[in-house]
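One letter stands for each residue in the lines below.
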Amino acid sequence: MKTVLLLVLCAVVAAACAFVGAVLRGRNKRLLLGRMHGIGSSLSEEFGISVLCSGVGTPECIEALLKSEYTRFEAVVVLDAAGASEAFARLTARYRMIRVEWRGSQEFPEIVVRSLWRSRRRSCRRLVLVDRPQGPEFAPADDWNAAAAVAAYDYLLPVDGRTCLLPDAVTRLVAELGEHPYGTVAWVRSYVGAAVSLVAREAVLAAGGFGADWRRGIGRRNRIGLWEPLAYRTDRPHAAKRCRYATWGLGLLVVGGLAAAATATASGRWTLAAVPVTAAVVAGAVLRARQAVMRVAGGRCISIWECKKSLLKNSQYRGI
Amino acid sequence: MIEQFYIVYTLCAAVLACGFSVGVVGAAVRERRRTGRDARLRTEYLHTLMLALGGDGTQVPYFPLFGRFGSRRLLCEAVAGVVAITYGLNDGLLRRIVAHYRLDRRMLRQARRCRGYRRAQALAVLACLPADESVAAAVAPYLRSRNRYVRFHALAVQLSVDPSHALQRIGDYAYPLSASEVAELMALLRRGILPLAYGPLLETRSLNLRRVGLAIVRQFGIEEAEGRLLQFVADTAHPALGREALYALCSLRRSLLRREVAVFITEMDARERRALLRCMALEGYAPTTMQRLFEEAERPYYETLVQSYKRSLA
């Protein structure tokens, strides 16, 4: 029994160390890519990315999307002009959108799109607005399918109304795609921060759209996982306060774990001491990883578990 | 026996937990310094540099608090930042500053001390500093690093130190350049380090040089290179290069109704053909061109793309 417990504790510590190592490597790579100006500028034109937005109606989020310096990039925003008429009117007025012609897509024939709009402002040429009826059984996956039907590029990045991309997320994804031969990467996801996935258009098409579990058809060799944040959640009003409490809590856990272990070892109970000291290692690792993630996110409070939580809690995000 | 293992484990884990705690505190202190003192000092150094560059450029300026912890790194970054964003700058004064304050030695020392991406970061800064020949020799071992970013930035350092041998060095680079690395080389080109003559690059046997040549053709819209691009498309030995050449032709909006292009397209798989159709629609090609290049079964797809395409209507 004692041997099994020791092995389990060793495995936990090894996992914590590997996690911190991966997050720190991700941070260092992100900082390095921040110095490489060629990737994000017009010089790199190898890969195109279409960001598919469902439920994103606030100008702040849309402008955050349009800030990207990468040229082969577009933001396709899906809204219901009938259901959210005010937001729709506000957007069309703000970005001087005009209605353009659109014919039904061959790739997603069942998708209903009322109209397609583009901006006349030169600075917002990369913004596309899709007017689509969103019924009572609304699911973001349907919006993403509609946006994918009008998207122009080979890689799709679906985001929902509660997720905001970090300013350098697109550049980071392009750099990751650029490291591999063309067409070999079908899915890039981040294990840290809000749930975001970059998917090859063909992989989504092969699965019949975002509603189905499109991940099954993608081979392990075609998947890439990043240990750095690409997006953050906007629906957390007390994120900063929570973040502070979490930091203090983890700090206390480290100190408490070490103190408890010291007490147990003083009385010669080494087996008992191993458990709190493992807790202290895990808490210390999480604390260090949080710090690195926040540095990458420009000081924003990003929970490193958001990705997993959103997957478990909400079935409509299944597949992202 | 197991008790002894527990003792060893507990001690090691306690050391690890203390290490993490020290790391957290250290990172917090660094972060506070970075947003406080470092930010002010960086602005100050940049201001001093700009004033010196705007002056007669004969005297090496004095930088306040130089010699304090981290100040040398800040000055390196300030000089590298100025070099990275200015084109056609006479680097005489910057060269004297680098030599006077021994900034290149500092970055070399940091590259030697660090590993992985941090080493690549040091080399990236070094690549922007006007340094002497000895630096190129010092970074040569990093050209064989396992980390592709370290390898590439070591190459970038050598290119910036000795631009006259830039093409030879890229040709000798033993690893295939990625799309982002080619983009970085194009940024170096804009700084005036690489020659703009695309012809010799396209004629060479080195795939890396050909890729750089293709990037130049694409970036500067050189229509005269059409013949060479068609040769690449026809070359079956390097299909990836042919694909890049085809996309370059597309971005130049040249006529694609050529035998080489038609043959290449018939050998593409359905996924690549659809991607090419989307690119062609984006570049404004007419359905008649697509009709002659693609099969009848693909007609509804490209007609939908062209007729509903947003670009032509905005």
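The shown structure was predicted, so the numbers you read here are calculated from the model rather than taken from an experiment.

> Would you explain the interface of chain B and chain A in this entry?
The parts lose accessible area when they come together, and the size of an interface is often stated as this lost area. Tallying the contact residues gives 63 residues for chain B and 72 residues for chain A. Applying the counting rule to chain B against chain A returns five salt bridges. The residue Arg-278 of chain B makes a salt bridge to Asp-154 of chain A at a minimum N-O spacing of 2.8 Å. In this assembly, chain B and chain A are joined by twelve residue pairs in polar contact (both at pLDDT 80 or more). Taken together, the elements giving at least two residues each to the side of chain B that touches chain A come down to α1 (2-54), α5 (116-128), α7 (148-161), α9 (179-190), α11 (207-220), α13 (239-252), α15 (270-283) and α17 (299-307) of chain B. Tallied by class, residues from the side of chain B that touches chain A come to 33 nonpolar, eleven polar and 19 charged.

> I'm lost on the domain arrangement of chain B in this one. Help?
Residue and element names in this part refer to chain B. The assigned domain composition of chain B is domain 1 (68-162), domain 2 (195-257) and domain 3 (268-314). Distance between the C-alpha centres of domain 2 and domain 3: 22 Å. The interface is formed by ten residues belonging to domain 2 together with twelve residues belonging to domain 3. Summing both partners gives a buried area of about 980 Å² for domain 2 against domain 3, and 67% of it is carried by carbon and sulfur. Counting across the domain 2 and domain 3 interface gives one salt bridge. Put simply, Arg-253 and Glu-283 hold a salt bridge, and the shortest N to O gap is 3.0 Å.

> I keep staring at the packing of helix α1 (residues 2-35) of chain A against helix α6 (residues 169-178) of chain A and nothing clicks. Help me out?
The geometry of a pair of packed helices is captured by two quantities: the angle between their axes and the separation between those axes. Residue and element names in this part refer to chain A. With their axes 11 Å apart at the nearest point, α1 and α6 run at an angle of 100° to one another. What the angle tells us is that α1 and α6 run roughly perpendicular. Residues Lys-29, Arg-30 and Leu-33 of α1 pack against Ala-169, Arg-172, Ala-175 and Glu-176 of α6. Looking at the contact of α1 with α6 residue by residue, the classes come out as three nonpolar, no polar and four charged.

> Please clarify how the pairing of strand β6 (residues 155-160) of chain A should be interpreted in this entry.
Regular strands show a simple pattern: their side chains alternate between the two faces of the sheet. Residues and elements named next belong to chain A. The element β6 is largely enclosed, with a buried count of six among its six residues. The two faces of β6 match: Tyr-155, Leu-157 and Val-159 on one face and Leu-156, Pro-158 and Asp-160 on the other face are all buried. Two elements, strand β1 (residues 49-54) and β6, share six bridges in a ladder whose sense is parallel. Considered in β6, the bridge of Ile-49 is made with Tyr-155. Where β6 and strand β9 (residues 197-200) come together, two bridges link them in antiparallel fashion. Within the sheet, the bridge partner assigned to Leu-156 lies in β9 and is Val-199.

> Looking at this model, I keep getting lost on the confidence of the model for chain B. Mind explaining?
Any residue range with low pLDDT should be treated as having predicted coordinates unsuitable for detailed reading. Looking at chain B as a whole, the pLDDT averages 87, with 96% of positions reaching at least 70. At the level of chain-chain contacts, confidence expressed as ipTM amounts to 0.88, with global pTM at 0.88.

> Can you walk me through unusual backbone geometry in this structure?
The bulk of non-glycine residues show a negative phi, and the bulk of peptide bonds are trans. At Arg-96 of chain A, a position not held by glycine, the phi torsion is positive, near 50°. By relative accessible area, Arg-96 of chain A is classed as partly exposed at 45%. Positioned with a positive phi, Arg-253 of chain B is a non-glycine residue whose angle comes to about 60°. With respect to the helices and strands, Arg-253 of chain B occurs in the loop between α13 and α14 (259-267).

> Any chance you could explain the pattern of salt bridges here in plain terms?
Applying the stated rule across the entire model yields 34 salt bridges over all chains. Here Glu-298 of chain B makes a salt bridge to Arg-273 of chain B, at a shortest N to O gap of 2.7 Å. Residue Glu-298 of chain B is found in the loop between α16 (287-293) and α17, and its partner Arg-273 of chain B is found in helix α15; the two are separated by 25 residues along the sequence. You'll find Glu-298 of chain B and Arg-273 of chain B in the same group, each marked buried. A salt bridge links Glu-303 of chain B to Arg-299 of chain B, with the nearest nitrogen and oxygen atoms 3.1 Å apart. Placement of the pair is Glu-303 of chain B and Arg-299 of chain B together in helix α17, with a separation of four residues, close to one helical turn. Through salt bridges that share partners, Lys-29, Arg-30, Asp-168, Arg-172, Glu-176, Glu-179 and Glu-228 of chain A make up one connected network.

Thresholds, definitions, all that
Residues numbered from 1 in each chain as written. Chains lettered and ligands numbered in written order. Predicted model: local features only at pLDDT ≥ 70, side-chain atom pairs only at ≥ 80, totals over all residues. Heavy atoms only, no water. Contact = heavy atoms within 4.5 Å. Salt bridge = Lys/Arg side-chain N within 4 Å of Asp/Glu carboxyl O. Polar contact = N/O pair within 3.5 Å; in protein donor to acceptor, adjacent residues only side chain to side chain. Helix = DSSP H or I, 4+ residues; strand = E, 2+ residues; numbered from the N terminus. Nonpolar A, V, L, I, M, F, W, Y, C, P; charged D, E, K, R; others polar. Domains from an automatic or database assignment. Buried area = accessible area lost by both parts, 1.4 Å probe. Axes fitted to C-alpha atoms, helices over the stretch in contact; angles between N-to-C directions. Parallel < 35°, antiparallel > 145°, perpendicular 65-115°, else oblique. Buried < 20%, exposed > 50% of the residue type's maximum accessible area, 1.4 Å probe, protein only. Pairing = 2+ DSSP bridges. pLDDT = per-residue confidence, 0-100.

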